[in-house]
Amino acid sequence: PGTEAVHAVQAHVQNLRLRLSSQLRRSQLLPEQRAQPLCPGDASIMRLVGGLSIAIAHGAAVTPVQKVIQMLQTMSAKGKEEKKEEEVTFAKFKTWCGTTAESKTASIADSADTIDSLQAELQKLATDIKQLSKDIARLDKSMDTWATDKKAAAEVRRQERDDYKATHKDYDESIDATDKVIEILKAQSADKKQQSDALLQMSRLAMVPSQSKRVLMAYLQGDGIHEQAPEANAYEFQSGGIVEMVQKLKNRFREEKTALEKAEQKAKSEYELLVQNLEDETEGAKAERGRKASSRSKKQERTAAASEELQNAEKEKAADEKYLSDLNTECRLKSSDFENRQKLRQSEIEAIEQAVDILTSASVSGAADKHLPGLAQTATSLVQLRRVQAAPQVRKALEYLQAASKRIGSKELLETAEKAANDPFGKVKKLISDLIVRLMEQANEEAEQQGWCTTELATNKNTRDTKTAAVETLQSEVEQLTAGIAKATSEIGDLNDGVQGLEADMARATEERNEEKAENAQTIKDAEEAQTAVKNALAIIKDFYESAAGATSLAQGVTEDAPETFSEPYKGMQSESGGIVGMLEVIQSDFVRLEADTKAGEAESEREYEDYMNEAKDDKAIKETDINNLEAKKTDMKEDLQRKKQELKSTTSELEAAQAYYEKLRPSCVDSGVSYEQRVAQRKEEIESLQTALKILNGDDIPMPIESGRPEYDSGASHQTGDY
């Protein structure tokens, strides 16, 4: 039984290999690409083996078509149940969105009212503080003025007091002098010298009027004095008029002294009153200033507190607004995601039901009942077959990987061998396959980077070289452009002739091919009906799940308090679909075998026709592209004639920019350490070693690698396209 199962699997693999080889020959790949073997992880092979395993495991109780129908019906019921559960979950989330948005909107409105109130209060406080500052400045200025006035009044009072004392002293001296003169003049015993001295002293007093001084001087010069005989010491007193005058002066001095004393007393009282008024005004101003300063300080403290409250209110409002914006965005995206998920689930259910309708039709179920039971009955479990052969193959594959890791110095291969040492057979293959995929992805990424660097460096060097030479060659380019325009005109004419000839040949080949195709169509019609039905069912399932893999994007939540909705993007029931697709492909391949012989000739003719038509179309497209390019080139060359005179100025700056970009490229594209070729060579050897390990696991006889070179392969091992 095990051998029969292996033969059945090999037959299906060979059938798929032939189909894939035919598709490769019809593709437009380059020759070196067509020579490469298919990837061991090809999805078609995995689905084929998976489908065969399921079919063999279920034995002959049901046909593969009936089993697929049962699986599809189970998937449909599961999809409907999950769709309903998702609707209930989203309804709760939508209710939360509404209530939370309403709450945040009310909070934002409250914050706005608070902000308006605080802004109005701050504006009034600022006005009050400004007015109080003006009042305090006015009071300070008044107190400074009053202090200055008090100081000036004290200075004036001091000056007045000094003047009073000096004048009062003069009056005292003048009164004393008049008393002395009167006494001398009235004394009969006074001699002339005594009188003269007394009168002369009096005439020198500042308080004596000028007129009185002249009278005294005249009297002293002899007008009022008559000398007696020389022997007498006294002279006759004849100064009655002088005495009277001096007496009047004395009386005047006394009156003026009294007036001076009264004036002094009045000035003193006025000064003391002024000082008292200034001090009273100052004390009042100080008290008022203290009250205003205290009020201003309180208002300033309130301003600081209100400003802080305003900032907090604005921050709270901004936070609520951001939360509301994020909430609206999340709810909108979740709603859109929910709609897309629901549409995807409905489309999945409809696709499954369409596939069920197709598979239950007579064209599929009838043919399956007739042709496929034998295939299921002759098979056995691939899982059992792998279990029997697993142990020695795994050991040999691990030994091969360990030896290869030492030979090429690969840490990746050694780690893979160590991880896979105790794993089951399936996990070893998955581990190796995953590493192959990862190494290929790394190679592709590095190749893209290397290609980008090569392109950028080449482009940059070309730019620098071109710009360096451009200044010297601009003049000669005018003549070259003129000649180029004439040459392009001639080439366009030749290409147009070639296009017309190709169109005639293609029309003739198409007519001949249509005649041949009509003859073959009737021969393969019956076999195609069953094949087309299965193909449609397979297309519905595959198209849906391929598109579903990227159909919905998960809306990432931005609000931490949101209720749970969907934690992962929905991509359909991908795990269940894999086995169904595999079985449908097996069924389809069985129908293909019924018509393979009839279609062989048609396929070959079609391939030859398509090859010719593709070549002809490519040739025509190339010629038409060349024509368009030449036309564009002609236009460009004409425009270039006008631009060349303007390019000289910009060429220098462009060269500098290209040099700067080259300096920017050097760290990552030039000075990178290990060469790109070395990294590619090692990764290639790693991948080849892993692929060889997979062949060992599949039962191929592969010798162990030697230390000094690449591993040797069995000359009988197949390396043709399609071997895995």
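Residues numbered from 1 in each chain as written. Predicted model: local features only at pLDDT ≥ 70, side-chain atom pairs only at ≥ 80, totals over all residues. Heavy atoms only, no water.

1. A closer look at the overall build of the protein chain
Across its full length, the protein chain carries 14 helices and 0 strands. Starting at the N terminus and ending at the C terminus, the protein chain contains elements arranged as α-α-α-α-α-α-α-α-α-α-α-α-α-α. Taking as baseline every contact in the protein chain between residues at least 6 positions apart, the subset at least 24 positions apart corresponds to 88%. Accessible area of the protein chain: about 42800 Å², with a carbon and sulfur share of 51%. (Helix = DSSP H or I, 4+ residues; strand = E, 2+ residues; numbered from the N terminus. Contact = heavy atoms within 4.5 Å. Areas by Shrake-Rupley, 256 points an atom, 1.4 Å probe, with all protein chains shown as cover.)

2. Considerations on a negative patch on the surface
Together, Glu491, Asp494, Asp497 and Asp626 give the surface a local cluster of negative charge. It is helix H12 (residues 425-548) that contributes the most residues to the negative patch, 3 residues altogether. Within the fold, Glu491 resides in helix H12. Residue Glu491 is classed as partly exposed on the basis of its relative accessible area of 31%. (Patch = residues over 30% accessible without salt bridge, like charges linked within 9 Å, V, L, I, M, F, W, Y side chains within 5 Å. Salt bridge = Lys/Arg side-chain N within 4 Å of Asp/Glu carboxyl O. Lys, Arg positive; Asp, Glu negative; His and termini not counted. Charge placed at Lys NZ, Arg CZ, Asp CG, Glu CD. Buried < 20%, exposed > 50% of the residue type's maximum accessible area, 1.4 Å probe, protein only.)

3. Notes on the packing of helix H4 (residues 64-186) against helix H5 (residues 192-203)
One way to put it is that H4 packs onto H5 with a least axis distance of 10 Å and a crossing angle of 160 degrees. Here H5 runs roughly antiparallel to H4, going by the angle between their axes. Two packed elements cross with a definite hand, and for H4 against H5 that hand is left-handed. In contact with Thr178, Lys180, Val181, Ile184 and Leu185 of H4, H5 contributes Gln194, Gln195, Ala198, Leu199, Gln201 and Met202. Among the residues making up the contact of H4 with H5, the classes are represented as 6 nonpolar, 4 polar and 1 charged. (Axes fitted to C-alpha atoms, helices over the stretch in contact; angles between N-to-C directions. Parallel < 35°, antiparallel > 145°, perpendicular 65-115°, else oblique. Left-handed = near helix turned anticlockwise from the far one by under 90°. Nonpolar A, V, L, I, M, F, W, Y, C, P; charged D, E, K, R; others polar.)

4. Considering the packing of aromatic side chains
For the structure shown, the criterion picks out 4 aromatic pairs. The interplanar angle of 5 degrees and the centroid separation of 4.1 Å between the aromatic rings of Phe90 and Phe338 together place this pair among those described as stacked. Residue Phe90 is located in helix H4, and its partner Phe338 is located in helix H7 (residues 240-359); the two are separated by 248 residues in the primary sequence. As far as the burial class goes, Phe90 and Phe338 line up, both buried. An aromatic cluster is present here, built from Phe90, Phe93, Trp96 and Phe338 joined pairwise through their rings. Just above the ring of Tyr323 sits the side chain of Lys104; from NZ or CZ to the centre is 4.8 Å. (Phe/Tyr/Trp six-rings, centres within 6.5 Å; stacked < 30°, edge-to-face > 60°. Lys NZ or Arg CZ within 6 Å of the ring centre and 35° of its normal.)

5. Let's talk about the pattern of salt bridges
Scanning all chains against the criterion turns up 32 salt bridges. Asp135 is the partner of Lys292 in a salt bridge, and the nearest nitrogen-oxygen pair spans 3.2 Å. Highlighted residues: Lys292 in helix H7 and Asp135 in helix H4, separated in sequence by 157 residues. For the pair Lys292 and Asp135, a shared accessibility class is recorded, and that class is buried. Residue Glu244 pairs with Lys248 through a salt bridge whose shortest N-O separation is 3.8 Å. In this pair, Glu244 and Lys248 are both assigned in helix H7, 4 residues apart and thus about one turn of the helix distant. Residue Glu244 is classed as partly exposed on the basis of its relative accessible area, which comes to 47%. On the accessibility criterion, Lys248 (54% relative accessible area) is exposed.

6. Description of the state of the cysteines
Under the counting rule described, the total for this entry stands at 1 disulfide. Covalent S-S linkage joins Cys97 and Cys331, the inter-sulfur distance amounting to 2.0 Å. On the S-S bond that ties Cys97 to Cys331, the torsion sits near -95 degrees, and the link is left-handed. You can see Cys97 sitting in helix H4 and its partner Cys331 sitting in helix H7, a full 234 residues away along the chain. Residue Cys97 shares its accessibility class with Cys331, and that shared class is buried. (Disulfide = S-S within 2.5 Å.)

7. A closer look at the confidence of the model for the protein chain
Of all residues in the protein chain, 74% attain a pLDDT of 70 or more, and the chain-wide mean is 75. The low-confidence segment residues 24-60, where pLDDT is below 50, has 58 contacts with residues more than four positions distant or belonging to other chains. Confidence drops under a pLDDT of 50 for residues 708-724, and excluding neighbours within four residues, the segment shows 33 contacts in the predicted structure. (pLDDT = per-residue confidence, 0-100.)

8. Side note on helix H14 (residues 676-697)
Taking 1.5 Å per residue, 22 residues should reach 32 Å; H14 reaches 32 Å between its end C-alpha atoms and fits that length. Taken together, the buried positions of H14 are Arg683, Glu686, Ile687, Ser689, Leu690, Thr692, Ala693, Leu694, Ile696 and Leu697. Immediately downstream of H14, the backbone of Gly699 shows phi near 105 degrees, a positive value. (Expected span 1.5 Å × (residues − 1).)

9. Regarding the nonpolar core
Counting residues in hydrophobic clusters, the biggest one holds 32 residues, and the most contacted among them are Val68, Leu72, Ile352, Leu359, Ile541 and Leu584. Broken down by secondary-structure element, the contributors of at least two residues to this core are H4, H7, H12 and helix H13 (574-670). Counting residues per element, this core draws most heavily on H12, at 10 residues. Look past the residues within four positions of Leu359 in its chain and what remains in contact with it is Val65, Val68, Ile69, Leu72, Val364, Ser365, Ala537 and Leu584. Counting 24 residues, the second largest nonpolar core, distinct from the first, contains Tyr164, Val181, Met207 and Tyr219. (Core = buried A, V, L, I, M, F, W, Y, C linked by side-chain atoms within 4.5 Å.)

10. Some details on the side chain of Lys83
Inspection of the secondary structure assignment puts Lys83 in helix H4. Residue classification places Lys83 among the buried residues on the basis of a relative accessible area of 16%. What Lys83 contacts, discounting residues up to four positions off in sequence, is Gln342, Arg345, Gln346 and Ile349.

11. Here's the deal with the environment of Asp597
Structurally, the position occupied by Asp597 is in helix H13. C-alpha separation for the pair Asp597 and Ile524, spaced 73 residues apart in sequence, amounts to 9.6 Å.

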